[in-house]
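Descriptive analysis of the structure
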Amino acid sequence: MIKRIGILTSGGDSPGMNAAIRAVTRVAIANGIEVVGINDGYKGMVEGNFRPLIKEDVSDILDRGGTILGSARLVEFKDVKVQQVAVQKLTEAGIDAVVVIGGDGSYRGAMALTQLGINCIGLPGTIDNDIPATDFTIGFDTALHTVVECVDKLRDTSSSHHRCSVVEVMGNRCGDLAVWAAISCGAEAVVTQETGFDEEDLLERLRYLDSVRRKKHAIVVISEKITDVNELARKISANTGFSGRATVLGHIQRGGSPTPSDRMLASRMAEKAVDLLVNGIGGHCVGIVDNAIVSYPIEEALKMPKKSRKELYQLFDRLV
Ligand code: F6P
């Protein structure tokens, strides 16, 4: 029977991580289990940077973006010697199990710790929605709201000036944020890792939208890490009837108060994480599939293929 659970947030933060911290803490305490916050992700774990969490410590955080525990990326955590130090620190602090909130890199750490005897459960906390074992990750919905709000504003000014706004969104190597935003905002083009990038094709499409469709503006939503968007905007000005402007939304997408949907998701997933640990299960990650909260062994989850969004891209094309 576990007596004390540790909780940490790792990798890029996402709105809703605090809601998950709150729910893990309160559900665990309701089960008679103590909770320890691990500061700054795996880095804090290795340093033994812990603090006890009682119900009151997680008051007034449900609506706050970021993570009260802090987050970090620790590349060295791949090293088994570093993992052993972490296990030692956890054992000294009487922590028998850990909930890890983060992306797939964080899941690998959780799997390694489980193999070393500390049961861990992973919760998907990332705005990228790039974890195949879940339909949605905690923070994706909030980031999408932020992107949509920004693009709606850009459309106003683009229309006034017959401009094409190239909007770069995050997502790492996953186009979900881009394609969801493109459909939700009625964009004129979407470019992601999945669509590939053909610059001449895009310029031709914009010329058509200007001269044949007589569009007052054009919005191009493009995933990060594809091309230099400022350069692309210059080419749009030089080669189409629109004047091009680039906006990189950047880390603004990672902040802000989580949407009710992300708060619900975080709370439901956190409850499942505690239930799994109470039942002696470790090395699993939690997901939501067809609105049911599920869990998979992390090893299996990491091998799952990337989800195809073919239908969404097809819908996008039909809506333009
Ligand atoms: O994984 C979340 C994410 O925001 C990605 O979308 C982005 O590529 C990356 O993190 C940015 O990382 P950093 O905050 O370390 O610059």
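Because the structure is predicted, anything quoted here is derived from the model rather than measured. (Residues numbered from 1 in each chain as written. Predicted model: local features only at pLDDT ≥ 70, side-chain atom pairs only at ≥ 80, totals over all residues. Heavy atoms only, no water.)

1. Focus: the site of the ligand
What counts, and what does not: Near, as used in this document, describes a residue that has one of its heavy atoms within 4 Å of the molecule or strand being considered. Nitrogen and oxygen atoms within 3.5 Å of one another constitute a polar contact, given that in protein one can donate a hydrogen and the other can accept it, and given that sequence-neighbouring residues count only through two side-chain atoms. Throughout, the Shrake-Rupley method with a 1.4 Å probe supplies accessible areas, and for residues the shown protein chains are the sole cover considered.
Near the ligand the following residues occur: Arg 73, Asp 128, Met 170, Gly 171, Asn 172, Glu 224, Lys 225, His 251 and Arg 254. Residue Glu 224 places a side-chain N or O atom 2.6 Å away from an oxygen atom belonging to the ligand. One of the side-chain N or O atoms of Lys 225 is found 3.4 Å from an oxygen atom in the ligand. Within the complex, 72% of the 400 Å² of free accessible area of the ligand lies under protein.

2. Remarks on the packing of aromatic side chains
Operational definition: Ring geometry is summarised as follows: Phe, Tyr and Trp rings, the Trp one being its six-membered ring, pair when their centres sit within 6.5 Å, and such pairs are stacked at plane angles under 30 degrees, edge-to-face over 60 and tilted between the two. Numbering of helices and strands runs from the N terminus; a helix is a DSSP stretch of H or I covering at least four residues, while a strand is a stretch of E covering at least two.
As enumerated under the stated definition, the model contains four aromatic pairs in all. Ring geometry for Tyr 42 against Phe 77: centres 4.2 Å apart, planes inclined by 20°, an arrangement best described as stacked. Of this pair, Tyr 42 sits in helix H2 (residues 41–47) while Phe 77 sits in the loop between strand S3 (50–53) and helix H3 (80–92); the two residues are 35 residues apart in sequence, bridging distant segments of the chain. Ring centres of Phe 136 and Trp 180 lie 6.0 Å apart, and the angle between their planes is 80°; on these two criteria the pair is classed as edge-to-face. Remark: Trp 180 occurs in helix H6 (residues 176–185) and Phe 136 occurs in the loop between strand S5 (119–124) and helix H5 (140–160); sequence separation between them is 44 residues. Clustering of aromatic rings is evident, with ring pairs tying together Phe 136, Phe 140 and Trp 180.

3. Quick look at the pattern of salt bridges
Note the following rule: Any carboxyl oxygen of Asp or Glu that lies within 4 Å of a side-chain nitrogen of Lys or Arg is treated as forming a salt bridge with it. When accessible area is computed with a 1.4 Å probe and restricted to protein chains, residues below 20% of their type maximum are described as buried, those above 50% as exposed, and intermediate ones as partly exposed.
Evaluation of the coordinates by the stated rule reveals 13 salt bridges. The salt bridge involving Glu 188 is made with Lys 215; its shortest N-O contact spans 3.2 Å. Here the residue Glu 188 occupies a position in the loop between H6 and strand S7 (189–191), and Lys 215 occupies one in the loop between helix H7 (199–211) and strand S8 (218–223), the gap between them amounting to 27 residues. A residue is classified by how much of its surface remains accessible, and Glu 188, at 2% relative accessible area, is buried.

4. Let's talk about the domain arrangement of the chain
This is how it is decided: How far each domain reaches was decided by an automatic or database domain assignment. In what follows, residue pairs with any heavy atoms lying within 4.5 Å of each other are defined as contacts. The quantity reported as buried area is the accessible area (1.4 Å probe) lost by two parts once they are put together, taken as the sum for both. Under the grouping applied here, Gly and all other residues not named as nonpolar or charged are polar, the nonpolar ones being Ala, Val, Leu, Ile, Met, Phe, Trp, Tyr, Cys and Pro and the charged ones Asp, Glu, Lys and Arg.
Here the chain is partitioned into domain 1 (4–139 + 258–302) and domain 2 (141–254). Taken over C-alpha atoms, the centre of domain 1 sits 35 Å from the centre of domain 2. Of the residues lining the interface, 15 residues belong to domain 1; the matching set on domain 2 comes to 13 residues. Looking at the side of domain 1 facing domain 2, the largest losses of area belong to Ile 127, Asp 128 and Thr 259, adding up to 44% of the total buried there. On inspection of domain 1 and its partner domain 2, the count reaches one salt bridge. For Asp 13, the salt bridge identified is with Arg 254, shortest N-O distance 2.7 Å. Scanning the region where domain 1 abuts domain 2 turns up ten residue pairs in polar contact (both at pLDDT 80 or more). Looking at side-chain class alone, the side of domain 1 that touches domain 2 contains four nonpolar, six polar and five charged residues.

5. A short note on the packing of H6 against helix H11 (residues 310–319)
In a packed pair of helices, the relevant descriptors are the angle between the two axes and the axis-to-axis distance. Let me state the cut-off plainly: Convention adopted: a line fitted to C-alpha atoms gives each axis, helices being fitted over their contacting stretch, and angles between N-to-C directions are expressed from 0 to 180 degrees. Comment on the angle field: the value is read as roughly parallel under 35 degrees, roughly antiparallel over 145, roughly perpendicular from 65 to 115, and oblique elsewhere. Left-handed describes a crossing whose near helix is turned anticlockwise from the far helix by less than a right angle; the clockwise case is right-handed.
Where H6 meets H11, the axes come as close as 10 Å, and the angle between the chain directions of the two elements is 30°. Classed by the angle they form, the pair H6 and H11 counts as roughly parallel. Pair H6 / H11 crosses with left-handed handedness. In contact with Val 179, Trp 180, Ala 182 and Ile 183 of H6, H11 contributes Leu 312, Tyr 313, Leu 315, Phe 316 and Leu 319. Split into classes, the residues belonging to the contact of H6 with H11 amount to nine nonpolar, no polar and no charged.

6. Observations regarding H5
Cut-off, in case you're wondering: To estimate the expected span of a helix, count its residues, drop one, and scale the result by 1.5 Å.
The terminal C-alpha atoms of H5 lie 31 Å apart, and with 21 residues this matches the ideal 30 Å at 1.5 Å per residue to within 8%. Tucked into the core, H5 has its buried residues touching strand S6 (163–169), H6, S8, strand S9 (243–248) and helix H9 (260–278).

7. As for the sheet that holds S9
Sheet strands associate in pairs through backbone hydrogen bonding, adopting either a parallel or an antiparallel arrangement. For clarity, the threshold we go by: Two strands make a pair as long as DSSP finds a minimum of two bridges between them.
Pairing is parallel across the open sheet formed by four strands, whose spatial order is S7-S8-S6-S9. The two strands at the open ends of the sheet, each matched to only one other strand, are S7 and S9. Put simply, the sheet's adjacent strands are angled 20° from each other on average, direction ignored. Sheet topology places S7 next to S8; three bridges connect them, and they run parallel. Bridge pairing links Val 190 to Val 221 in S8. Against the sheet, helix H8 (residues 229–239) touches S6, S8 and S9, its axis set at about 165° to S9.

8. Quick look at the pairing of strand S2 (residues 34–38)
Filter applied, for reference: If you view a crossover with the strands going away from you and the path from the first strand over the helix to the second runs clockwise, you call it right-handed.
Of all the five residues making up S2, four are buried; the element is thus mostly covered by neighbouring parts of the structure. Here four bridges tie strand S1 (residues 4–9) to S2, and the two strands are oriented parallel to one another. Each residue of the ladder has a partner; that of Ile 5, found in S2, is Val 35. Handedness of the crossover joining S1 and S2 through helix H1 (residues 17–30): right-handed. Across four bridges, the pairing between S2 and S3 is antiparallel. For Gly 37, the partnering residue across the bridge sits in S3 and is Arg 51.

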